[in-house]
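A closer look at the structure
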Amino acid sequence: MSLSAPVPVRHYLQFTDLTADEYTHLFARATEIKRKFKAYEKYRPLVDRTLAMIFEKASTRTRVSFEAGMYQLGGSVVHLTTGDSQLGRSEPIEDSARVISRMTDLVMIRTYGQDKIVRFASHSRVPVINGLTNEFHPCQILADIFTYIERRDSIQGKTVAWVGDGNNMANTWLQAAELLGFTVHLSTPSGYEVDQAVAGLRSADSYKIFKDPEDACRGADLVTTDVWTSMGYEAENEARKKAFADWCVDEAMMQVAKPDALFMHCLPAHRGEEVSAEVIDGPQSVVWDEAENRMHVQKALMEFLLLGRVEA
Ligand code: CP
Ligand code: NVA
């Protein structure tokens, strides 16, 4: 039997865990993997590999995209939640990591603090993927940038308007801008700004702050937003509804963006809160492609973490 050299363990805990060159590779692989899927062409390089998915928060897209994606690649999936595992009964995260990573080949975690996923990864024998933390959502931005490239072209040199909370999505857009060379126009209500240290940025060169959300959208190539209240912050819901009332992406905001600007939202969305129905259901919105592309880019990511650079 000939065994190929083992692929060194790489984790995907934040957007900066891959290089710009590796993103170019991943986007090319996602294009090819998506083409195969659309053509019903079998592609099963992960036969006998198992993905453990750990959810400490709710999910629709992340669960379905990872689970369907892993099965399509020939592998299988174990699904764990806080409520139905010892994770919810105070087993140390380090012990869970040691055990789970002895029986599976790859772990995807959705949890609260980034520190938790970092601790898990540091005791894991296998790659760990961030499926959303309070601080970051790298798989979503991977899908969003792939969707932009698919619809337009390179995102390099472009302007992305972020309207809303300075949350996990905003932080990850900022990391991507710094790494891939585009600019983010940020508009957040007072008290909900991005914290540059939490976002882990090297400088403030790749973003500009705007008080008025419409000014942030002016001339943008892409306008994007997210829920006013992220998972884990539900106790702040009423205060946030008041603070965010003017941060609804509506037709007036899309009017001042470039005429061919796209609208994105990671979903789930609340029509009439962070986005109007006219915009999310309108001609500039690419939210359904964006959701579907989660699966294609994550298949490319799992291939990369387990097999290294697969050339077409
Ligand atoms: N966008 C996203 O991550 O969706 P889910 O919360 O449904 O997984
Ligand atoms: N910012 C949102 C994203 C949901 C996919 C949250 O963390 O709840």
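Now for a description of the structure that goes with this document. Everything numeric here is computed off the predicted structure, so don't read it as measured data. (Residues numbered from 1 in each chain as written. Chains lettered and ligands numbered in written order. Predicted model: local features only at pLDDT ≥ 70, side-chain atom pairs only at ≥ 80, totals over all residues. Heavy atoms only, no water.)

Regarding the overall build of the protein
A tally of regular secondary structure across the protein gives 12 helices and nine strands. Taking 20 Å as the expected radius of gyration for a compact globule of 312 residues, we find that the protein reaches 19 Å, a close match to that expectation. Referenced to the eigenvectors of the C-alpha coordinate spread, the extents of the protein come out at roughly 65 × 45 × 35 Å. In the protein, which comprises 312 residues, the proportion classed as buried is 54%. Considering only intrachain contacts with a sequence separation of at least 6, the fraction spanning at least 24 residues in the protein is 73%. When the accessible surface of the protein is split by element, carbon and sulfur atoms take 51% of a total near 13700 Å². Distance between charge centres in the protein, computed from 34 positive and 44 negative side chains, equals 6 Å. (Helix = DSSP H or I, 4+ residues; strand = E, 2+ residues; numbered from the N terminus. Rg over C-alpha atoms; globule rule 2.2 N^0.38 Å. Buried < 20%, exposed > 50% of the residue type's maximum accessible area, 1.4 Å probe, protein only. Contact = heavy atoms within 4.5 Å. Areas by Shrake-Rupley, 256 points an atom, 1.4 Å probe, with all protein chains shown as cover. Lys, Arg positive; Asp, Glu negative; His and termini not counted. Charge placed at Lys NZ, Arg CZ, Asp CG, Glu CD.)

With respect to the site of ligand 1
The immediate surroundings of ligand 1 are formed by Ser59, Thr60, Arg61, Thr62, Arg110, His137, Gln140, Cys266, Leu267 and Arg294. Note that an oxygen atom of ligand 1 is positioned 2.8 Å from one of the side-chain N or O atoms of Arg61. Computed on the free molecule, ligand 1 has an accessible area of 260 Å², of which 95% lies beneath the protein chains in the complex. Counted by class, the shell around ligand 1 contains two nonpolar, five polar and three charged residues. (Near = heavy atom within 4 Å. Polar contact = N/O pair within 3.5 Å; in protein donor to acceptor, adjacent residues only side chain to side chain. Nonpolar A, V, L, I, M, F, W, Y, C, P; charged D, E, K, R; others polar.)

Describing the sheet that holds strand E1 (residues 50-55)
Taken together, four strands build an open sheet; the order of strands is E2-E1-E3-E4 and the sheet is parallel. The open sheet has two edge strands with one neighbour each: strand E2 (76-81) and strand E4 (128-130). Looking at each pair of strands side by side, their axes are set apart by 20 degrees on average, direction ignored. Across five bridges, the pairing between E1 and strand E3 (residues 106-110) is parallel. Residue Ala52 lies in a different strand from E3, and its bridge partner there is Val107. (Pairing = 2+ DSSP bridges. Axes fitted to C-alpha atoms, helices over the stretch in contact; angles between N-to-C directions.)

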